[in-house]
Amino acid sequence: MFTHAAEKPHSCQVCGTVFSKNSHLKTHMLTHTGEKPYSCKVCGKAFSQNSHLKNHMLTHTGETPYSCEICGTTFSLKSNLKTHMLTHTGEKPHSCQVCGTSFSLKGHLKNHMFTHTGEKPYSCQVCGTAFSQNSHLKTHMLTHTGEKPHSCQVCGTSFPQKSQLRSHMFTHTGVKPYLCEVCGSAFYQKLYLKRHIFTHTGGTPYSCEVCGSAFYHESDLKIHMSSHTGEKPHSCKVCGSTFSQRSNLKTHMLTHTGEKPYKCQVCSTSFSHKHSLKRHMLRHSGHTVNDLGQSKQKSDHNRGQCTQ
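Residues numbered from 1 in each chain as written. Predicted model: local features only at pLDDT ≥ 70, side-chain atom pairs only at ≥ 80, totals over all residues. Heavy atoms only, no water.

Draft legend 1. Examining the overall build of the chain more closely. Counting secondary structure elements, the chain contains eleven helices and 20 strands. The C-alpha radius of gyration computed for the chain amounts to 27 Å, which surpasses the reference 19 Å derived for 308 residues by more than 25%, pointing to a less compact arrangement than a globule. Summarising its shape, the C-alpha atoms of the chain cover approximately 90 × 45 × 45 Å along the three principal directions. In the chain, which comprises 308 residues, the share counted as buried stands at 19%. Accessible surface, the chain as shown: approximately 22,100 Å² in total, 52% of it carbon and sulfur. Taking the 35 positively charged and 15 negatively charged side chains of the chain as two groups, their mean positions are separated by 5 Å. (Helix = DSSP H or I, 4+ residues; strand = E, 2+ residues; numbered from the N terminus. Rg over C-alpha atoms; globule rule 2.2 N^0.38 Å. Buried < 20%, exposed > 50% of the residue type's maximum accessible area, 1.4 Å probe, protein only. Areas by Shrake-Rupley, 256 points an atom, 1.4 Å probe, with all protein chains shown as cover. Lys, Arg positive; Asp, Glu negative; His and termini not counted. Charge placed at Lys NZ, Arg CZ, Asp CG, Glu CD.)

Following this line, the structure appears as structure tokens:
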């Protein structure tokens with residue numbers, strides 16, 4: 001039985017939303033005040049609604065009472081089961097009025113609309129970076145906390161994102177699901193395939209607005225920009241040295257830990273830096289450091305031709 005508008009006498013004075021019951025209005029008001037009176041006694045996480053707390057408690061008990069009748073997958077929340085069912089039906093009832101793209105969830109459509117409006121309503125309270133999706137903000141926050149909750153059961157490597165763990169697992173299975181339609185090269189990650197495609201198209205889509213230098217990868221452009229700004233956002237907590245690249249900070253940390261992860265397969269000598277191992281290998285191969293420099297110059301020259 002449908003509830004008519006006339007049967008919703010309780011109206012929100014902030015946004016005008018109407019409700020059939022006063023209790024529903026009270027619950028709704030918490031979305032404006034930000035109040036979260038229901039707290040989890042296990043981890044302390046707070047919620048605006050008691051029902052949300054009850055659903056959260058299932059993450060501690062491990063209970064998954066809702067089961068898919070088609071494939072048997074179980075879920076802790078009924079809403080998650082409903083979402084899962086769309087993978088079997090293929091139904092995408094929510095369509096974008098701008099470009100026509102369809103989505104299985106209304107929330108996904110709302111997030112998609114930000115790509116048209118350019119709106120980024122989710123802001124990081126630490127550094128101010130804004131995002132169009134709340135999930136992107138949550139992922140970004142891990143860069144501040146350093147948390148890596150997703151661990152590989154094979155080698156123990158941890159990742160901040162579940163998708164990164166999935167991609168990592170391909171390194172153990174040997175599966176390379178992303179295939180180049182031009183040359184047949186296969187890759188572990190979709191990002192690597194996208195980068196590879198530029199070697200065929202000759203495109204360098206990321207350009208520096210200061211000097212005009214062009215790059216295949218957005219990450220390379222960001223690193224390059226530090227040469228103009230002088231910014232060194234990555235700081236060593238031991239001695240205070242700062243670096244423009246996180247990879248340089250990681251390499252620097254080896255000087256404090258004494259770790260030497262690069263090992264010669266011929267004589268077992270270990271090195272803290274990869275380039276030191278490469279130079280060492282020249283002793284076994286009979287080449288000189290000058291040979292290595294000439295080889296690098298040739299490689300850089302060829303790479304420059306690719307970007308022209």
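Draft legend 2. Region of the structure containing the confidence of the model for the chain. Chain-level statistics for the chain give a pLDDT mean of 81 and a share of 91% at 70 or above. Counting interchain partners and residues more than four positions distant, the pLDDT-below-50 stretch residues 1–5 has two contacts. Here residues 295–308 is a poorly scored stretch, pLDDT under 50, and it has four contacts once near neighbours within four places are set aside; other chains count. (pLDDT = per-residue confidence, 0-100. Contact = heavy atoms within 4.5 Å.)

Draft legend 3. Looking closely at the packing of aromatic side chains. Evaluated as defined, the whole model comprises zero aromatic pairs. Over the ring of Tyr188 we find Lys176, and its NZ or CZ is 5.2 Å from the ring centre. (Phe/Tyr/Trp six-rings, centres within 6.5 Å; stacked < 30°, edge-to-face > 60°. Lys NZ or Arg CZ within 6 Å of the ring centre and 35° of its normal.)

Draft legend 4. Seen up close, the state of the cysteines. Counted according to the given criterion, the structure contains zero disulfides. There is no disulfide at Cys12, and the cysteine sulfur nearest it, in Cys15, is 3.7 Å away. For Cys12, a relative accessible area of 3% gives the class buried. There is no disulfide at Cys127, and the cysteine sulfur nearest it, in Cys124, is 3.7 Å away. (Disulfide = S-S within 2.5 Å.)

Draft legend 5. Inspection of the side chain of His252 at higher detail. Looking at the secondary structure, you find His252 in helix 9 (residues 246–257). Among the residues examined, His252 registers a relative accessible area of 15% and is labelled buried. Residues in contact with His252, not counting those within four places in the same chain, are Cys236, Cys239, Ser241 and Phe243.

Draft legend 6. Looking closely at the environment of Lys176. With respect to the element layout, Lys176 can be found in the loop between helix 6 (162–173) and strand 13 (178–179). Judged by relative accessible area, Lys176 falls into the partly exposed class, the value being 41%. Other than its neighbours up to four places away in sequence, Lys176 contacts Ala186, Phe187 and Tyr188.

Draft legend 7. Region of interest: the environment of His88. Among the structural elements, His88 can be located in helix 3 (residues 78–89). The exposure class assigned to His88 is partly exposed, which follows from its relative accessible area of 35%. Spatially, the C-alpha atom of His88 lies 9.1 Å from that of Cys71, the residues being 17 residues apart in sequence. A distance of 3.2 Å separates the side chain of His88 from the side chain of His84, its partner in a polar contact. (Polar contact = N/O pair within 3.5 Å; in protein donor to acceptor, adjacent residues only side chain to side chain.)

Draft legend 8. A look at the side chain of His84. Inspection of the secondary structure assignment puts His84 in helix 3. Aside from chain neighbours lying at most four places away, what touches His84 is Cys68, Cys71, Thr73 and Phe75.

Draft legend 9. Structural context of helix 4 (residues 106–117). In this model helix 4 runs 17 Å from its N-terminal to its C-terminal C-alpha over twelve residues, within 8% of the 16 Å that 1.5 Å per residue would give. The set of residues buried in helix 4 consists of Leu109, Asn111, His112 and Phe114. Close packing links the buried residues of helix 4 with strand 7 (94–95), strand 8 (102–103) and strand 9 (122–123). (Expected span 1.5 Å × (residues − 1).)

Draft legend 10. The arrangement of the environment of Glu259 in detail. With respect to the helices and strands, the residue Glu259 is situated in the loop between helix 9 and strand 19 (262–263). Look at Glu259 and you get partly exposed, because its relative accessible area is 44%. Along the backbone, Glu259 and Cys183 are 76 residues apart, and their C-alpha atoms lie at a distance of 40 Å. Excluding its chain neighbours within four sequence positions, the residues that come into contact with Glu259 are Leu254 and Ser272.

Draft legend 11. Structural detail: helix 1 (residues 22–33). With twelve residues, helix 1 extends 17 Å between its outermost C-alpha atoms, agreeing within 8% with the 16 Å of an ideal straight helix rising 1.5 Å per residue. Looking only at helix 1, the buried set comprises Leu25, His28 and Leu30. Turning to helix 1, the residues buried within the fold contact strand 1 (10–11) and strand 2 (18–19). Positive backbone phi, at 80°, marks Gly34, one or two positions downstream of helix 1.

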